[in-house]
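# Observations on the three-dimensional arrangement
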Amino acid sequence: MDSSARPQPPAKKSYILYKALLAGFVTYLVLSILAGIAIADLSLKLHRLPLRHQQAIATAVQADFGAQLQDVTITAADGVMLKGWFVHPHGYNGNAVILLHGITDNREGVAGYGHLLLEHGYAVLLPDARGHGESGGELATYGVKESDDVHRWVSWIYAHDPPQCVYGFGESYGAALILQSLAAENRFCAVAAESPFSTAREMSFERVSGPLHFGPWFGRTLGRPAIWSAMAYARVRYGIDLLQPSPLQAVARSTVPVLLIHGEDDRNVASRHSRLIAAASPNSVTLWLVPHAGHTMAWAATHGEFEGRLLGWFASHTQPRQNPFVNPVAAASF
């Protein structure tokens, strides 16, 4: 009788099963570590989109508002040079708005909002986030360093063209940055943010699950080794805590009025993120969930209502929360 056809003893079967499970576990752990390293690098080192329409925008600003598209440079706390545009319209209403773009975009991506605000007399500042456009910096840190960058931009406005109020508006990545700046920056009269994430931890569950088309449950369970690997690699290699960014905590500590805008059909950053932020700060946050709107598509979905809500929000908040001339940035240059 062929020995291979004989039934295996129970102990041997258990040993074979144990080896198979151990091999599967080790393979999964190795793949998770490699995936985490890839996630960290792809998250921190972003594709840089160059400016392409500066001359056209400058021409439109001059023709429509009798103003110049002024190049502005400031120095970040770590020595990185940050670039942006500033426009002071001929029909100035005494207030200014900082506009922050989305991830892998640049200041041109929010030029349309700038045009809307210039039409209503606001001066506008359009910075490139670090690691984006013409700003320096090799890494995007999702608010770890950008929060202070925003603080320095506010100080630049008050030092060089003092307004009655400074407001903020950001979309997606820029929304998360403007909200995180509120942990230390309380000179805004009000801010509006469209499609922000709530915390990097919550967002990591979705990002790990996304490529496999699983829900956030995967990131909270089987995907955790990849998240831990990404966090450890980023901390050791770059000195960055990938799970530190938290717009939710920043807003909870702030008294600056916040208008949260989020499309109910957003498949990039689920509307639950804005719901979480609003629930954590019911006294300072107004939440507008936009039916049938995708990621950062509220203006396209409800053109007139979006403009009315945004402009009305700024117009209804006319007092900064702190002396606006605190901590001007001495290193800023113009």
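For the structure itself, consult the block above.
Residues numbered from 1 in each chain as written. Predicted model: local features only at pLDDT ≥ 70, side-chain atom pairs only at ≥ 80, totals over all residues. Heavy atoms only, no water.

### As for the packing of aromatic side chains
Heads up, the rule is: We call Phe, Tyr and Trp rings a pair once their centres come within 6.5 Å, taking the six-membered ring for Trp, and we label the pair stacked below 30 degrees between planes, edge-to-face above 60, and tilted otherwise. Under the scheme used here, helices are H or I runs from DSSP no shorter than 4 residues and strands are E runs no shorter than 2 residues, and both carry numbers assigned from the N terminus. Remark: exposure states derive from per-residue accessible area (1.4 Å probe, protein chains only) relative to the maximum for the residue type, with buried under 20%, exposed over 50%, and partly exposed in between.
In total, this model carries eleven aromatic pairs according to the counting rule given. With a centroid separation of 5.3 Å and an interplanar angle of 70°, the aromatic rings of F86 and W156 are classed as edge-to-face. Of this pair, F86 sits in strand β2 (residues 81-87) while W156 sits in helix α4 (residues 146-160), and the two are 70 residues apart along the sequence. For the residue pair F86 and W156, the accessibility class agrees, reading buried in each case. Judged by centre distance (5.3 Å) and plane angle (90°), the ring pair of Y142 and Y173 falls under edge-to-face.

### Quick word on the state of the cysteines
Definition in use: In this description, the term disulfide denotes a pair of cysteine sulfurs within 2.5 Å.
Here the structure, examined in full by the defined rule, presents one disulfide. The partner cysteine of C165 in its disulfide is C189, sulfur to sulfur 1.9 Å. Residues C165 and C189 share a disulfide whose torsion about the S-S bond is about -80°; that sign makes it left-handed. Highlighted residues: C165 in strand β5 (residues 165-171) and C189 in strand β6 (residues 188-194), separated in sequence by 24 residues.

### Remarks on the sheet that holds β5
Basically, it comes down to this: Following DSSP output, two strands are said to pair if at least two bridges run between them. Axis definition: a line fitted to C-alpha atoms, limited for helices to the stretch in contact. Angles are taken between N-to-C directions and run from 0 to 180 degrees. Contacts between residues were defined by any pair of non-hydrogen atoms, one from each residue, lying within 4.5 Å.
One open sheet accounts for eight strands, arranged β1-β2-β4-β3-β5-β6-β7-β8; its pairing is mixed. Every interior strand has two partners, whereas the edge strands, β1 (70-75) and β8 (285-290), have only one. Pairwise comparison of adjacent strand axes, ignoring direction, gives a mean angle of 20° for this sheet. Summarising the sheet, β6 and strand β7 (residues 258-263) pair through four bridges and their orientation is parallel. Paired with A193 across the bridge in β7 is L260. Along the sheet face, α4 touches β1, β2, β3 (95-100), β4 (123-127), β5 and β6 and points at about 125° away from the line of β1. Together, β3, β5, β6, β7 and β8 form the strand contacts of helix α12 (residues 303-315), whose direction differs from that of β6 by roughly 155°.

### Some remarks on empty space enclosed by the protein
Quick note on the threshold: A cavity, in this analysis, means grid points on a 1 Å lattice covering only the protein atoms where a 1.4 Å probe fits yet has no way out; a pocket is instead an open set bounded by protein on both sides within 12 Å along at least five of seven lines, and a residue lines either one if it has an atom within 4 Å of a point. Grid points are joined across faces, edges and corners, and a volume is the space filled by probe spheres set on the points. Classes in brief: Ala, Val, Leu, Ile, Met, Phe, Trp, Tyr, Cys and Pro nonpolar; Asp, Glu, Lys and Arg charged; the others, Gly included, polar.
This structure, assessed with the given rule, holds one cavity of 30 Å³ or more. Here the largest cavity defines a volume of roughly 100 Å³. L100, D128, A129, V150 and L177 are the residues nearest the centre of the largest cavity, which is lined by 13 residues in total. Elements with a minimum of two residues in the lining of the largest cavity: α4 and α5 (173-180). Considering each element in turn, the lining of the largest cavity owes the most residues, four residues, to α4. Among the residues making up the lining of the largest cavity, the classes are represented as seven nonpolar, two polar and four charged.

Keep in mind that these numbers describe shape and distance, not what the molecule does.
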